[in-house]
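# Descriptive structure summary
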Protein chains: 2
Amino acid sequence: MKRKVNIGLIGAGTVGTGVIKLLERNSSGIEQRVGTGVVIRKICDRDALRLRRIRKMKIRGVSFTGDAMDVISDKDIDIIVELIGDVPRAKEVILSAIRKGKHVVTANKAVLAKHWTEIFSEADRQNVLVYFEASVGGGIPIVRALNEGLSANRIRSILGILNGTTNYILTRMTDDSMDFKEALAIAKQKGFAEKNPSLDIDGLDAAYKILILSSLAFGARIKLSDIYCEGIGHVVQKDIRYARDEFGYILKLLAILKQKGDKIELRVHPTLLPQEHMLSSVEDEYNAIYVDGDAAGETMFYGRGAGEMPAASAVVSDVICLARDVYNNIAGCVPHVLCNPKKKLEIIDIKDIETKYYIRFTTLDRPGVLSKISGILGSFDVSIGSVYQMGHGKKMQDVPIVMVTHRAKEGNVRKALSRIDRLSVVRKKSVLIRIED
Amino acid sequence: MKRKVNIGLIGAGTVGTGVIKLLERNSSGIEQRVGTGVVIRKICDRDALRLRRIRKMKIRGVSFTGDAMDVISDKDIDIIVELIGDVPRAKEVILSAIRKGKHVVTANKAVLAKHWTEIFSEADRQNVLVYFEASVGGGIPIVRALNEGLSANRIRSILGILNGTTNYILTRMTDDSMDFKEALAIAKQKGFAEKNPSLDIDGLDAAYKILILSSLAFGARIKLSDIYCEGIGHVVQKDIRYARDEFGYILKLLAILKQKGDKIELRVHPTLLPQEHMLSSVEDEYNAIYVDGDAAGETMFYGRGAGEMPAASAVVSDVICLARDVYNNIAGCVPHVLCNPKKKLEIIDIKDIETKYYIRFTTLDRPGVLSKISGILGSFDVSIGSVYQMGHGKKMQDVPIVMVTHRAKEGNVRKALSRIDRLSVVRKKSVLIRIED
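Not measured: the values here are computed from a predicted model. (Residues numbered from 1 in each chain as written. Chains lettered and ligands numbered in written order. Predicted model: local features only at pLDDT ≥ 70, side-chain atom pairs only at ≥ 80, totals over all residues.)

### A short note on the overall build of chain A
The number of helices and strands found in chain A is 15 helices and 18 strands. Compactness check: chain A gives a C-alpha radius of gyration of 25 Å against a globular reference of 22 Å for 437 residues, within 12% of the reference. In terms of overall dimensions, chain A has a C-alpha envelope of 90 × 45 × 35 Å along the principal axes. Across the 437 residues of chain A, 50% fall into the buried class. (Helix = DSSP H or I, 4+ residues; strand = E, 2+ residues; numbered from the N terminus. Rg over C-alpha atoms; globule rule 2.2 N^0.38 Å. Buried ≥ 20, exposed ≤ 12 C-beta atoms within 10 Å, placed from the backbone.)

Take a look at the structure:
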């Protein structure tokens, strides 16, 4: 009888359940691709209720446990699928599995972002493979695209909409003129935002993902703390409206990687994009990754960034690749990713980047205000591209002056703003949003 | 000394030159990914002028020949890169290389579409690999996406803008109100259309590509002649304008695959898409492939479908994958694609498909015409969604009546049209364009 490939699943939450369903539903197609059957042998979860729910699915030949080591130590199991949320536990599971000579599939972006070098160095030492397609972009096969499909390229830049929650919120704010709180409430209602959404809102989730993509693209060690990260919690409706209606820009939370000689820019922040940019049409909970390679030129990868079945699609595609190699006794002969712990990449400080900016000043309605502001900007080498000033004569207290600058160094812009914000005619802290075009 | 991986390049035209440049330019990155150096040993072209041009690039250690067998028979060469245009010659090169135990990288969509089963059956027999990322979508890694990244999915549908020439022409017709001839002339001027552009214009190039994607998705044998294929040569300006201005549709040449139970629809034709569809924003010479999988849901892959460096990006990414496996002595242990010559897929006849249609009638300006037309449509089970009729009273000879139908069977629509076109009040053959939404 043909040898089957045996899977141990650790973590039976939403994505885990999707994986079980998908392996069952498409088993014949999967068997064709692998050359033999792929079967789940053990399922582990610490939550007995979840296990009970999964027991009801009546999967043949599977046993259940609450102890991850039961799965990892099982010598019949070839591949460990790690789908735990908790970072320290997931890290321990992954490293223990590697040390036991098991191949691993994980969807855990936080663990990979925080322990990339440790995990892949250990995998290299043990000649096992760690696959992680689901960690970035959900159902979009962006990991394979960067790691293989575009491997002949030097990556010049990546612009990513990598977080579905924030993209959903910004879409509601843009299309339905909601304010942030309303949009967040709806996102929660629809299941696109978690109860405590700070990981998404603050941009950290996107930072994890761009770190993974950068590590793939450059095969180098990058520190999470070096990534400049700014979320969308402070974004207000009227800036979205002014930027779109007056200047033709759409606001997105972008994760940005740019190669600049032997350094890189790596940052996550609300960003204005020209309306006609492909990324501007990426709406709701969708993700997209825009990659510029020196040979391929501009490419984009679009799809569902999260959800039970899109994530399961990525996990099971990894399982198929690994299982085929396991079945043919070649898994681990070639490392999956390039990981050179000695190669470090210098990340350019946010104050040293150069881009265009949208700025909103809130001023008193007095003559000469604009000239004062532009004078200060000019003295810091920041020149104005276009300005929009609300009609005078309305006796308003706080008058917005909105402008788009030419390319300028961020450090200079910040210095100018802090000077401007101290002017007596300026009523509130000015708003600064970076533009990408 | 470390063993290097040796390449033989057959065909030194545009893409071949790009491959040479890219292997040179990014050699250190490529060496890192492969684990050893990748070097071109022999370059073959029958055109002595081309060879002379390439000689000037002064690539170290390479020899030149006009005879492909010189390259194929060289026992030091591991991988043959086939970049010949001519189909019979390319087929011979690929099959000879396979029989000599060489792995092959090809960009030749026509050869693959016409001889898929023969090539991959022979590769299976000889335990060698044939890679072909550049054959579809140029720099977009769509072959890997379907073959690996989405391998856990049953593919429900693929909508592809797979031909840059026709997309460029349709973009000019849509955005700049050009007629077909003008747009074609500009496409030729800009190098986006060949002197004899019929392969592109008639949709055959797109048919080759959708056949390759379908073969990948289903691992089955599909006959090129079963694909319904209609080009853009007969598309007129005013239909593009009416469809957009009156109904909000954009015209694209789409290659369409749809899974319907155990049969498939497979067709290439001008297609109207809702303006807000992601594919509608794919302009100029860009390509995009919209894939719907049962787990991943909707994904899209976008980029440059042709050109020296985008195609070279795909070819060299294939070379990197193969070279890494060659270097680690595992190339050929696992087949690259699923190819089951016995599995045949039935393709649904174009008359049996069901979709929505845009129809333009050219009629005399008389009362009762619309009622006659809609009566005949109704008698064939074709019901009208919305109609646009040019204002009366202008004493026009030929009055256009433009409509969008509800979903209907194509056979019925055609029967109705042939009846309608025989009416004395109908002045010209009616225009029929399929809608995808």
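There is more to say after this.
### With respect to the pairing of strand β9 (residues 249–260) of chain A
Residue and element names in this part refer to chain A. Within β9, nine of the twelve residues are buried, leaving the element largely enclosed by the surrounding structure. With four bridges connecting them, strand β7 (residues 155–161) and β9 associate as antiparallel partners. Opposite G160, over in β9, you have A255 as the bridge partner. The pairing of β9 with strand β10 (residues 263–274) spans twelve bridges and is antiparallel. (Pairing = 2+ DSSP bridges.)

### Notes on the interface of chain B and chain A
Taken together, the contact between chain B and chain A spans 48 residues of the former and 48 residues of the latter. Those elements that place two or more of their residues in the side of chain B that touches chain A are α2 (27–34), α7 (142–149), β12 (297–304) and α13 (308–327) of chain B. Looking at the side of chain B that touches chain A, the element that brings in the most residues is α13(B), giving ten residues. Partitioning the side of chain B that touches chain A into residue classes produces 23 nonpolar, 16 polar and nine charged. (Contact = placed C-beta atoms within 7 Å. Nonpolar A, V, L, I, M, F, W, Y, C, P; charged D, E, K, R; others polar.)

### Quick word on unusual backbone geometry
Here the phi dihedral of N329(A) falls at roughly 60°; this positive angle occurs in a residue that is not glycine. On the secondary structure map, N329(A) appears in the loop between α13 (308–327) and β13 (346–347). Residue N329(A) is classed as exposed on the basis of its 10 C-beta neighbours within 10 Å. You will see that D284(B), though not glycine, has its phi angle at about 55°, which is positive. Following the sequence through the fold, D284(B) ends up in the loop between β10 (263–274) and β11 (286–293).

### As for the relation of the copies chain B and chain A
Each copy of the sequence occupies a distinct position, and chain B is placed on chain A by a rotation of 180° and an axial shift of 0.0 Å, giving an RMSD of 0.0 Å. Here the two chains are linked by the operation of a two-fold rotation axis. Identified as the residue of chain B closest to the rotation axis by C-alpha distance is F301(B), at 2.4 Å. Residue by residue, 100% of the interface of chain B is reproduced at the interface of chain A, so both copies engage with the same surface. (Least-squares fit on C-alpha atoms with pLDDT ≥ 70 in both.)

### Description of the sheet that holds strand β1 (residues 5–10) of chain A
Residues and elements named next belong to chain A. The strand order across the open sheet formed by six strands is β3-β2-β1-β4-β5-β6, and the pairing between neighbours is parallel. Single-partner strands in this sheet number two, and they are β3 (63–65) and β6 (130–131). Note that strand β2 (residues 38–44) and β3 share three bridges and pair parallel. The residue bridging C44 from the neighbouring strand is T65, located in β3.

### Observations regarding helix α5 (residues 87–99) of chain B
The α-helix advances 3.6 residues per turn, and as a result positions three or four apart in sequence lie on the same side. All names here are of chain B. In this model α5 runs 18 Å from its N-terminal to its C-terminal C-alpha over 13 residues, within 8% of the 18 Å that 1.5 Å per residue would give. Residues of α5 that are buried sit in contact with β1 (5–10), α4 (68–72), β4 (79–82), β5 (103–106), α6 (109–126) and β6 (130–131). Downstream of α5 by one or two residues, G101 has phi in the positive range, about 80°. (Expected span 1.5 Å × (residues − 1).)

### Remarks on the domain arrangement of chain A
All names here are of chain A. Assigned domains of chain A: these are domain 1 (5–138 + 308–327), domain 2 (142–303) and domain 3 (351–435). The centre of domain 1, based on its C-alpha atoms, is set 28 Å off from the matching centre of domain 2. In this complex, domain 1 contributes 14 residues to the contact, which on the side of domain 2 involves 16 residues. It is helix α6 (residues 109–126) that contributes the most residues to the side of domain 1 that touches domain 2, seven residues altogether. (Domains from an automatic or database assignment.)

### Side note on the nonpolar core
Among the nonpolar cores identified, the biggest contains 294 residues, and V315(A) and V315(B) are the most heavily contacted of them. When near neighbours in sequence (up to four residues on either side) are disregarded, V315(A) contacts V15(A), V19(A), V81(A), V105(A), A107(A) and A134(A). (Core = buried A, V, L, I, M, F, W, Y, C linked by C-beta atoms within 7 Å.)

### Side note on the environment of M173(B)
Residue and element names in this part refer to chain B. Within the secondary structure, M173 sits in helix α8 (residues 164–175). When the 23 C-beta atoms within 10 Å are taken as the criterion, M173 is described as buried. Residues M173 and E194 lie 21 residues apart in sequence; the distance between their C-alpha atoms is 18 Å. Discounting chain neighbours no more than four positions away, the residues touching M173 are M178, D179, F180, A183, Q237 and I240.

### Quick look at the packing of α7(B) against helix α11 (residues 204–218) of chain B
Residues and elements named next belong to chain B. Contact pair α7 / α11: the axes reach a minimum separation of 9 Å and the direction vectors enclose 15°. When the axes of α7 and α11 are compared, the pair comes out roughly parallel. Pair α7 / α11 crosses with right-handed handedness. Residues V143, L146 and N147 of α7 pack against L213, L216 and A217 of α11. Here the contact of α7 with α11 is composed, by residue class, of five nonpolar, one polar and no charged. (Axes fitted to C-alpha atoms, helices over the stretch in contact; angles between N-to-C directions. Parallel < 35°, antiparallel > 145°, perpendicular 65-115°, else oblique. Left-handed = near helix turned anticlockwise from the far one by under 90°.)

### Concerning the confidence of the model for chain A
For chain A, mean pLDDT is 95; residues scoring 70 or higher make up 99% of the total. Here the prediction assigns the complex a pTM of 0.97, and the interface score ipTM is 0.96. (pLDDT = per-residue confidence, 0-100.)

### Concerning the pairing of β4(B)
Residue and element names in this part refer to chain B. Neither face of β4 is exposed, since I79 and V81 on one face and I80 and E82 on the opposite face are all buried. Taken together, the four bridges between β1 and β4 define a ladder with parallel strand orientation. When the sheet's bridge partners are listed, L9 is paired in β4 with V81. Sheet analysis places β4 next to β5, joined by four bridges and oriented parallel. The residue of β5 that forms the bridge with E82 is T106. Running through α5, the crossover from β4 to the neighbouring parallel element β5 is right-handed. (Right-handed = clockwise from strand over helix to strand, strands pointing away.)

### Concerning the environment of D70(B)
All names here are of chain B. For D70, the position within the fold is in helix α4. Given 16 C-beta atoms within a 10 Å radius, D70 is considered partly exposed. Considered as a pair, D70 and I289 are 219 residues apart in the sequence and their alpha carbons are 38 Å apart. Excluding anything up to four places from it in sequence, D70 contacts K42, C44 and T65.

### A word on the sheet that holds β5(B)
Each strand in a sheet pairs with its neighbour through backbone hydrogen bonds, running either in the same direction (parallel) or in the opposite one (antiparallel). Residue and element names in this part refer to chain B. Pairing is parallel across the open sheet formed by six strands, whose spatial order is β3-β2-β1-β4-β5-β6. This sheet does not close on itself; its edge strands, each paired only once, are β3 (63–65) and β6. Bridge analysis of β5 against β6 gives two bridges, and the strand direction is parallel. Note on β6: the bridge partner recorded for V105 is Y131.

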